[in-house]
Amino acid sequence: MSTTEIKHRIIDKLLSIDNDKLLMALNAILENKPENIITLTKEQKKILTLSSNDILNGNMVSQKELNIKDKKWLD
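Given the structure is predicted, the values throughout are model-derived calculations rather than measurements. (Residues numbered from 1 in each chain as written. Predicted model: local features only at pLDDT ≥ 70, side-chain atom pairs only at ≥ 80, totals over all residues. Heavy atoms only, no water.)

Here the focus is helix 2 (residues 20-31). With twelve residues, helix 2 extends 16 Å from end C-alpha to end C-alpha; this agrees with the ideal 16 Å at 1.5 Å per step. Among the residues of helix 2, the N-terminal cap falls to Asn19, whose side-chain oxygen and the backbone nitrogen of Lys21 are separated by 2.9 Å. Phi for Asn32, located one or two positions after helix 2, is positive at around 50°. (Helix = DSSP H or I, 4+ residues; strand = E, 2+ residues; numbered from the N terminus. Expected span 1.5 Å × (residues − 1). Polar contact = N/O pair within 3.5 Å; in protein donor to acceptor, adjacent residues only side chain to side chain.)

So this is what it looks like as structure tokens:
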């Protein structure tokens, strides 16, 4: 699919939307307003770094494993 075709599909979909909140959200995304940028605290950045390190070191649990552990914990 060409870029032009994608643009036309997006325009067609936009023209069919009647939800004001959705249109405002899409507009904000397309305008890339600075107020939509999230600033993280030092603590949040640290948690993200720790999480990334866990992923790199293989310290993860699959969603399936987590569901099993949750079920055992709740029973």
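Together, Met1, Ile6, Ile10 and Leu14 line one region of the surface with nonpolar side chains, adding up to about 360 Å² of accessible area. Mapped onto the fold, Leu14 is located in helix 1 (residues 3-16). Among the residues examined, Leu14 registers a relative accessible area of 30% and is labelled partly exposed. (Patch = residues over 30% accessible without salt bridge, like charges linked within 9 Å, V, L, I, M, F, W, Y side chains within 5 Å. Areas by Shrake-Rupley, 256 points an atom, 1.4 Å probe, with all protein chains shown as cover. Salt bridge = Lys/Arg side-chain N within 4 Å of Asp/Glu carboxyl O. Buried < 20%, exposed > 50% of the residue type's maximum accessible area, 1.4 Å probe, protein only.)

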